[in-house]
Amino acid sequence: MVSMKRMAAVAAVSMIGLSACSGTDSGSPAVPGEAKGGDLLAKAPVAAAADILPGSTMEKIKQRGELIVGGSLDAPLLSQQNPTTGEVEGFDADMGKALAKYILGEPKVKIVNSASETREALLSNGTVDVVFQTYTITPERAKQVAFAGPYYSSGLSLAVRKGTTGITKPEDLNGKTVIAGANTPAIPAIKKVAPQAKIVTFGGDPECIQALKQERGDVYVQDETLLVANAKKDPSVQVVGSPFTTDPYGIGLKHGDEQFKKFVNDWLKKIQADGLWQQTWKNSLGTVVQGEAPAPPQIGSVPGS
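Residues numbered from 1 in each chain as written. Predicted model: local features only at pLDDT ≥ 70, side-chain atom pairs only at ≥ 80, totals over all residues. Heavy atoms only, no water.

## Describing the side chain of R119
Counted only if it meets this: Each helix is a run of H or I in the DSSP string that is no shorter than four residues. Each strand is a run of E no shorter than two, and both are numbered from the N terminus. Type-normalised accessible area, obtained with a 1.4 Å probe on protein chains alone, sets the label of each residue: buried when under 20%, exposed when over 50%, and partly exposed for intermediate values. Counted as positive: Lys and Arg. Counted as negative: Asp and Glu, with His and the chain ends omitted from the count. Here a salt bridge means any side-chain nitrogen of Lys or Arg lying within 4 Å of a carboxyl oxygen belonging to Asp or Glu. Identification of polar contacts relies on pairs of N or O atoms within 3.5 Å, with a donor-acceptor requirement for protein atoms, meaning one able to donate a hydrogen and the other able to accept it, and with residues adjacent in sequence counted only if both atoms are side-chain atoms. In what follows, residue pairs with any heavy atoms lying within 4.5 Å of each other are defined as contacts.
The topology assignment puts R119 in helix α4 (residues 119–124). Buried within the structure, R119 lacks any salt-bridge partner; its nearest side chain of opposite charge belongs to E120, at an N-O separation of 5.3 Å. Within the structure, R119 has its side chain in polar contact with the backbone oxygen of Q133 (distance 3.0 Å). Excluding its chain neighbours within four sequence positions, the residues that come into contact with R119 are S114, V131, Q133, T134, Y135 and R141.

Quick look at the structure:
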């Protein structure tokens, strides 16, 4: 679950007026520096040779020489391409690089830009090895893909045009036109809390926020992490209220590959124990959400993981 400290920090960010929304080769991945200097990925662990089992997905990735990740190029603080360097940076992006180092000994990643409606297909047909893309674990999705983790926990929140009144909580969505991403958990959540809402969907986060700004809806429901991450980007929209769901993010894997799932979960345990997970959060999401890093969710703690 989202920690109370973190939720309070997000609320504080919103109150001071921060506003939000929310195959490409990434090249030689940039190595993010720690807040107080040093090389974060230099401290990332590398799997023992005995852990790269013969015939496994891990061995296939190592022989290829790069980890292929389904992800985003336009999600601030999560996975966004730096226009100056061309590198993809943020929490999800850096997690992918750390996993690549664990397998390969170096953080070599190729990012395939994916959408919420294409992730299952990219995993099932082998186009990508893993998905790091605020991929909420649900029992329905777990019928099509496997999930390692959860590796992070967030929740759905509301974003409105700055100056909007009368929308501060989920119940206020009744009778409103509500924007949501296609094929996202926001749709059933909206129907549950506000059955009289009219839902309109768009393909991705940028399209949804553009629709909000164009007044094609009254409010946009999306993961709190994405909304807060866009706080630095667009002052015309504003996050209101607090998260009203708990959404655990998983690392998407091909369905049925239990060997690789165990390997990735073992890696998650290592980086949580040695503080790398926490420092990765501080370098990305923690630059907006003030305070200590939240406690990572327990691996295997939700249905579908």
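## Considering the nonpolar core
In plain terms, the rule: We define a nonpolar core as any set of buried Ala, Val, Leu, Ile, Met, Phe, Trp, Tyr and Cys residues linked to one another through side-chain atoms lying within 4.5 Å.
Ranked by internal contacts, the top residues of the largest apolar core, which has 48 residues, are I251 and W267. Counting residues per element, this core draws most heavily on helix α3 (residues 91–104), which supplies nine residues. The residues touching I251, leaving out its near neighbours within four places in the chain, are V130, V131, F132, A146, F147, A148, Y151, V264, W267 and L268. Counting 16 residues, the second largest nonpolar core, distinct from the first, contains I167, V178, I187 and V240.

## A few points about the sheet that holds strand β12 (residues 237–240)
Spelled out, the test is: Pairing between strands requires that DSSP locate at least two bridges from one strand to the other. Every axis in this analysis is a line fitted to C-alpha atoms, fitted for helices over the stretch in contact. Angles between the N-to-C directions lie between 0 and 180 degrees.
Strand order in the open sheet formed by five strands is β10-β9-β11-β8-β12, with mixed pairing between adjacent strands. Both edges of this open sheet fall to β10 (198–202) and β12, since each of them pairs with a single strand only. Neighbour to neighbour, the strand axes of the sheet diverge by 35° on average, direction disregarded. Where strand β8 (residues 156–161) lies against β12, four bridges are found, and the strand directions are antiparallel. Note on β12: the bridge partner recorded for V160 is Q238.

## Things to note about the environment of V219
The residue V219 is located in strand β11 (residues 219–223) in this model. A residue is classified by how much of its surface remains accessible, and V219, at 0% relative accessible area, is buried. Taking C-alpha positions, V219 is 9.9 Å from Q238, a pair spaced 19 residues apart along the chain.

## Some thoughts on the sheet that holds strand β2 (residues 74–75)
The three strands lie next to each other as β2-β3-β4, forming an open sheet whose pairing is antiparallel. Since the sheet does not close on itself, it has two edges, and those belong to β2 and β4 (88–89), each with one partner. Sheet topology note: the β2/strand β3 (residues 79–81) ladder contains two bridges and is antiparallel. Opposite D74, over in β3, you have Q80 as the bridge partner.

## Focus on helix α8 (residues 258–273)
Applied cut-off: In this analysis, the expected span of each helix is defined as 1.5 Å times one less than the number of residues it contains.
The terminal C-alpha atoms of α8, which comprises 16 residues, lie 23 Å apart, in line with the 22 Å expected from a rise of 1.5 Å per residue. All buried positions along α8 are accounted for by F260, K261, F263, V264, N265, W267, L268, I271 and Q272. Looking one or two places after α8, you find G275, whose phi comes out positive at around 90°.

## Some points on the packing of aromatic side chains
What counts here: Here a pair means two rings of Phe, Tyr or Trp (six-membered ring of Trp) with centres within 6.5 Å. Their orientation is stacked below 30 degrees between planes, edge-to-face above 60, and tilted elsewhere.
Considering all chains together, one arrives at 11 aromatic pairs under this definition. Each ring, one from F132 and one from Y151, has its centre 5.6 Å from the other, and the planes form 75°; the classification is edge-to-face. Of the two residues, F132 sits in the loop between β6 (130–131) and β7 (145–154) while Y151 sits in strand β7, which places them 19 residues apart along the sequence. In this structure, F132 and Y151 share a single accessibility class: buried. Where Y151 meets Y249, the ring centres are 6.3 Å apart and the plane angle is 50°; that geometry is what we call tilted.

## Considering the pattern of salt bridges
The final tally for this structure, using the stated rule, is six salt bridges. With a closest N to O distance of 3.0 Å, D172 and K169 form a salt bridge. You can call K169 partly exposed: its relative accessible area is 40%. Among the ionic pairs, K282 bridges to E292, the shortest N-O distance being 3.9 Å. A residue pair is termed long-range when its members are at least 10 positions apart, and K282 in helix α9 (residues 276–283) and E292 in the segment after α9 qualify at 10 residues.

## Some points on unusual backbone geometry
Along the chain, G149 connects to P150 via a cis peptide bond; the corresponding omega equals 5°. With respect to the helices and strands, P150 occurs in strand β7. Phi angles above zero are rare outside glycine, and L77 is one such case at about 70°. Looking at the element boundaries, L77 is found in the loop between β2 and β3. You can call L77 buried: its relative accessible area is 18%.

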